[in-house]
Amino acid sequence: MDNYNRILTKLNAFMAKFYTQMLLKGIFLFLAFGVLFFLLVLGIEYFFWLNSSGRFVLFLVFIGVELFLVWNYIVVPLSFLFKWKKGLSNKQASVLIGKHFPEVDDKLYNLLDLADSSSRSELLLASIEQRSLQLIKIPFVQAIDFKENLKYAKYVVVPFLIVGLLWISGEISSFFGSYKRVVNYNMAYEPPAPFSFELMNSDLSVYDDASYTLQVSTKGRLRPDDVFIVINDKKLLMEYKEGYYQYVFNPPHEHSLFHFIGNDVRSRDYKLSIVETPVLLDFEMELDFPDYTNLPNEVVKGTGNATIPEGTRVSWNINTRYTSEVGWHIGDSIVKFNKDAAVFNYVKPVFRTIEYEISTSNDAVHNYEKLGYRLKVIKDAFPTIKVEQVLDSLEPNVAYYVGKVSDDYGLATINLVVYAEGDRDDMQQLVLLKGKGNLDTFYYTFPSGLDLQSGKNYEYYFEVTDNDGVNGGKQAKSQVFSTRLLNAKELNNKLLDTQKSVLTNLSKGLKESKKQQNRLEELSKEQKESSSLNFNEQNKIKEFLKKQGEQEDMMKNFRSQLKSTLEKGEEDEKLRKLLEERLERQEMEAKKNEQLLKELDELTKKLDKEELARRLEELGKRSQNTDRNLEQLLELTKRYYVQQKTKELASELEKIAGEQLALISQEFEKKRDSLIKQQNKLNADFDDVSKELKELHKDNNSLHKPIGIKIDPNKLDETKSILEEIIKDMDMNEDWGKRDAISKNIKSQQRASGKNMKEMAEGLKESAAGGGGNSQAEDAEMLRQLLDNLITFSFKQELLYDALGRREDLGVVQSDGIKKQ
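These notes cover the structure that comes with them. The structure displayed is predicted, hence computed values, not measured ones. Just so you know, the residues in each chain are numbered from 1, in the order the chain's sequence is written. Where local features are concerned, this predicted model is filtered to residues with pLDDT of at least 70; where side-chain atom pairs are given and counted, the filter is 80 or more; whole-chain, interface and lining totals use all residues. The basis for every side-chain value is the complete set of non-hydrogen atoms in the structure, without hydrogens or water.

Here we look at the overall build of the protein
- In terms of regular secondary structure, the protein is built from 15 helices and 28 strands.
- Across the 821 residues of the protein, 40% fall into the buried class.
- Should any heavy atoms of two residues lie within 4.5 Å, those residues are considered in contact. Taking contacts inside the protein between residues at least 6 apart in sequence as the whole, the part at least 24 apart equals 70%.
- Working definition of accessibility: Shrake-Rupley area with a 1.4 Å probe, residue cover restricted to the visible protein chains. If you sum the accessible surface of the protein, you get close to 46500 Å²; carbon and sulfur atoms cover 52% of it. The helix and strand labels rest on DSSP assignments: H or I over at least four residues marks a helix, E over at least two residues marks a strand, and numbering proceeds from the N terminus. Only protein chains enter the accessibility calculation, which uses a 1.4 Å probe; a residue is then buried when its area is under 20% of its type maximum, exposed when over 50%, and partly exposed in between.

Spelled out as structure tokens, the structure:
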């Protein structure tokens, strides 16, 4: 019976699949008919807008039909499937299987008949087992094909096609909305308006400081003539644009409820939300300038722009509203401000020009507003220095300097840097000024404050350092000056050169004075021959007075130079004191004559032709006297120069002689090259002295009374020849056998030349002493008297020139000889 039981199991599986197929078919049909009927009910309400009774009947019919369809197509198959209800019998199922499988035919049915027999003989059981075995391999469930249900699925497509058409038409929402009216059949509904409002804005929020444009359109078969917006019970007309209506909300805003009205059609209520944005109420920057600038701190309000010195400490203080965060942006970096109550602050030292932005944020808005600013940094400028040099022709070792230095914020030091020429490693630095202001003028007299050696060349410059507290003191240098610090000999030579220059200028002045004397004689002659002063004669007098004034200036300059050179003489202390005494006396006399000048000024206005001629004649006599005094003064000064030059050359010859004699003691063979070099230098020095002696002879011979210069020209030439022979012998390159004789000969020649030089030096000393010793007091007194006369006469000449000038300007003499005031 095992095979038979298996047949029964397969029959049960067949019937389960049969009822499952029946359920699938019922689902398709329910969806098709149920949805179609649902759409039909909605369509009736959508188009006809039934009253409450009609919608109640429609609702009942809809419920009844849908329940029927559920029962018939869903519940019944389920009851068979879950055997809530008796369905097919085994024999009925065998008939369905036999129809599908021809090989089964009624075999399965007959098997079931045998199994239902009441007799249970062994033969019957064996027959049942045999037939069961024949049918066991046949798959009964394959008699049911689920694909046959697909022909019912096409009915389901129909209602969904209808829904798609409704969606395309745009009426799907209003069409399906009619189900609410069917369900709520007891509520009263009115047909929809001919149009509806559609809000075009997707976001109903606006920043509190920005405008907001609201746009709405209408949809339907009609378009209203006017559309109004009602904001908090205030009705406002909206502006019609191309296809829509517009209204602009301007700040300040507040949260608002609004709706639209057009042709008695009202929209639903909307709400405009206001987003509170960050606001800067007060903005200031505190500028803490570096201490070294000495600038007072500043506060800049309302802007973040400023021009500041390098290293300024900037503090931003910002008072805000609706702000939770303030950011300081530069480039890609951002720094958040510190918050203290409603005030945000940030501190930063600034060393370069920067462009930055300040942004504000809160919970609703991030970086809502970025304000761009610029801090321009002024770098600390380098100091400037300009130095002018003033040289003293009478003081070669002294130079005067006037310097102007400046800096934008102040100076630290002004130094003088001195070093020997070519030796920058050994420098001396002298602090001239320290800790001065922005602009200063300094004075310096070189070489005060320095430890320098005479006879050396030096280079030096002035250096200024500013007080830059950020980058350290910056330096600026002046131009490099160079000088030679003259020794006593060089100073004396310089002084003598100056004296000779004074003599040259004095000679020129004397020649010019003689020319002026000739012009004066011509003017006097013309005055005597003319009966009146005409215009041409007045111009001649003016021209003469002008040149005479220039001559007087030259004489004043000469007196000053002469006094300066005499002051520097080593053996003229008595003469110097006499000159100072006379000059002081004349200055006192000049002050006493001020009143006299005023009186003479009044008298010049009353001069007539005869008085003018008399004064011109007087001027001529005084000019002749002045020229004689100048000639005497020139003679005395030349004599003084010749004496001083003679002393200088005697000293130089004595020095060369000493050096020449010193070479005798040195061994020639060991120091040959060095001795040749030293001897060549001595020969060159002697040549220079020889040339100066020849010039001295010329200057001495130009004197009216030449002094006796005791020097033998033959001995001078002899000494020069000996020095030339010494060099020739030193340059000889003979065998060692003759070197001892050559060395002795050289020493003998050196001894002879040194002796000659000493004798000539002694002669020059005697000449200088003899030329001035006997008449020193006489010459000094004469020079004193000449200077006294020269200074006194200069004042008188000035008074007379002034008087003549005023006379010519007044033009008091007419051509007819009549005097007019």
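Considering the nonpolar core
- Among buried residues, those of type Ala, Val, Leu, Ile, Met, Phe, Trp, Tyr and Cys that are joined through side-chain atoms within 4.5 Å constitute a nonpolar core. Counting residues in hydrophobic clusters, the biggest one holds 28 residues, and the most contacted among them are L653, F686, L693, I709, M757 and L764.
- Sorting the residues of this core by element identifies α11 (609-662), α12 (672-701), α13 (713-731) and α14 (739-773) as the ones contributing at least two each.
- Ranked by residue count, the leading element in this core is α12, at seven residues.
- Ignoring anything within four residues of it in the chain, the contact list for F686 reads L653, I656, L716, T719, K720, L723, M757 and M760.

A short note on the packing of aromatic side chains
- The criterion for an aromatic pair is that two Phe, Tyr or Trp rings (for Trp, the six-membered ring) have centres within 6.5 Å, with stacked assigned to planes under 30 degrees apart, edge-to-face to planes over 60 apart and tilted to the rest. One pass over the structure, following the stated rule, counts 32 aromatic pairs.
- Between F38 and F62 the ring centres are 5.7 Å apart and the planes differ by 50 degrees, which places this aromatic pair in the tilted class. Of this pair, F38 sits in helix α1 (residues 2-48) while F62 sits in helix α2 (residues 52-81), placing them 24 residues apart in sequence.
- Here F38 falls in the partly exposed class, since its relative accessible area comes to 26%.
- Site record: aromatic cluster; members linked through ring pairs are F195, F197, Y212, Y247, F249, F258, F260 and Y270.

Some words on the environment of L24
- Mapped onto the elements of the fold, L24 is located in helix α1.
- For L24, a relative accessible area of 30% puts it in the partly exposed group.
- Sequence separation of L24 and Y152 is 128 residues, and the distance between their C-alpha atoms is 9.2 Å.

Details of unusual backbone geometry
- In this structure, P447 follows F446 across a cis peptide bond, with omega equal to 5 degrees.
- Residue placement: P447 occurs in the loop between β25 (439-446) and β26 (456-466).
- Even without being a glycine, N263 presents a positive backbone phi close to 55 degrees.
- Note on placement: N263 falls in the loop between β8 (256-262) and β9 (265-266).

Topic: the pattern of salt bridges
- Any Lys or Arg side-chain nitrogen found within 4 Å of a carboxyl oxygen on Asp or Glu counts as a salt bridge. Per the stated rule, a full pass over the model turns up 10 salt bridges.
- A salt bridge links E325 to K336; its shortest N-O distance comes to 3.3 Å. Residue E325 is found in strand β15 (residues 325-330), and its partner K336 is found in strand β16 (residues 333-336); the two are separated by 11 residues along the sequence.
- For K336, a relative accessible area of 55% puts it in the exposed group.
- A salt bridge links R374 to E355, with the nearest nitrogen and oxygen atoms 3.5 Å apart. In this pair, R374 sits in strand β20 (residues 369-378) while E355 sits in strand β19 (residues 354-361), placing the two residues 19 residues apart along the sequence.
- Residue classification places R374 among the partly exposed positions, given a relative accessible area of 38%.

A word on the sheet that holds strand β12 (residues 298-301)
- Spatially, the five strands line up as an open sheet ordered β12-β11-β14-β18-β17, and their pairing is antiparallel. A single partner strand is all that each edge strand has here, and the edge strands are β12 and β17 (338-340). Averaged over all pairs of adjacent strands, the angle between strand axes in this sheet comes to 25 degrees, irrespective of strand direction.
- Two strands are counted as paired when DSSP detects at least two bridges linking them. Bridge analysis of strand β11 (residues 279-288) against strand β14 (residues 312-321) gives nine bridges, and the strand direction is antiparallel. Bridging across to β14, L287 finds its partner in V314. Axes, fitted as lines to C-alpha atoms, cover a helix only where it is in contact. Angles between the N-to-C directions of the axes lie from 0 to 180 degrees.

Overview of the environment of D423
- Following the sequence through the fold, D423 ends up in the loop between β23 (411-420) and β24 (427-434).
- Counting along the chain gives 36 residues from D423 to E459, while the straight-line C-alpha distance between them is 9.4 Å.

Things to note about the packing of helix α6 (residues 150-169) against helix α7 (residues 172-183)
- Running from amino to carboxyl end, α6 crosses α7 at an angle of 125 degrees, the nearest separation of the two axes being 7 Å. Considering the angle they form, α6 stands oblique to α7. Of the residues in α7, those touching α6 at V163, L166 and W167 are I172, F175 and F176. Roughly parallel covers angles under 35 degrees, roughly antiparallel covers those over 145, roughly perpendicular covers 65 to 115, and oblique covers all other angles.

Examining the sheet that holds strand β7 (residues 245-249)
- Overall, antiparallel pairing links the four strands, which are arranged β1-β3-β7-β6 in an open sheet. The open sheet is flanked by β1 (195-199) and β6 (239-240), the only strands paired with a single partner.
- For β6 and β7, the ladder comprises two bridges, and the chain directions are antiparallel. By the bridge assignment for β7, E239 is matched with Q246.

Observations regarding the pairing of β16
- Pairing of β15 with β16 involves four bridges; the strand directions are antiparallel. Bridge pairing in β16 places I330 opposite S333.
- Joining the antiparallel neighbours β15 and β16 is a turn of two residues, in which G331 adopts a positive phi near 65 degrees.

Quick notes on the side chain of T320
- Among the secondary structure elements, T320 is positioned in strand β14.
- Once you skip the residues sitting within four places of it in the chain, T320 turns out to touch V279, L280, L281, V326, A342 and F344.

Focus: α13
- Look at α13: 28 Å from first C-alpha to last across 19 residues, which is about the 27 Å you get at 1.5 Å a residue.
- Those residues of α13 that sit buried are L716, T719, I722, L723, I726, I727, D729 and M730. All buried residues of α13 project into a common sector of 165 degrees when viewed along the axis, lining one side. Turned more than 90 degrees off the buried face of α13, the exposed positions are P713, N714 and K728. Working rule for helices: expected span equals 1.5 Å times residues minus one. Think of it as the arc spanned by the lines of direction from the helix axis to the C-beta atoms.

Overview of the pairing of β24
- The sheet contact formed by β23 and β24 spans seven bridges and is antiparallel. Pairing of V417 across the sheet is with Q429, part of β24.

A short note on the side chain of Q21
- Checked against the element boundaries, Q21 lands in helix α1.
- When its relative accessible area of 12% is taken as the criterion, Q21 is described as buried.
- In this structure, Q21 is in contact with I144, D145, F146, E148 and N149, ignoring residues within four places of it in sequence.

Topic: the packing of α2 against α7
- Two elements in contact, α2 and α7, have axes separated by 8 Å at closest approach and are oriented at 100 degrees. Looking at the two axes, α2 sits roughly perpendicular to α7. Judged by residue contacts, R55, L58 and F59 of α2 engage R181, V182 and V183 from α7.

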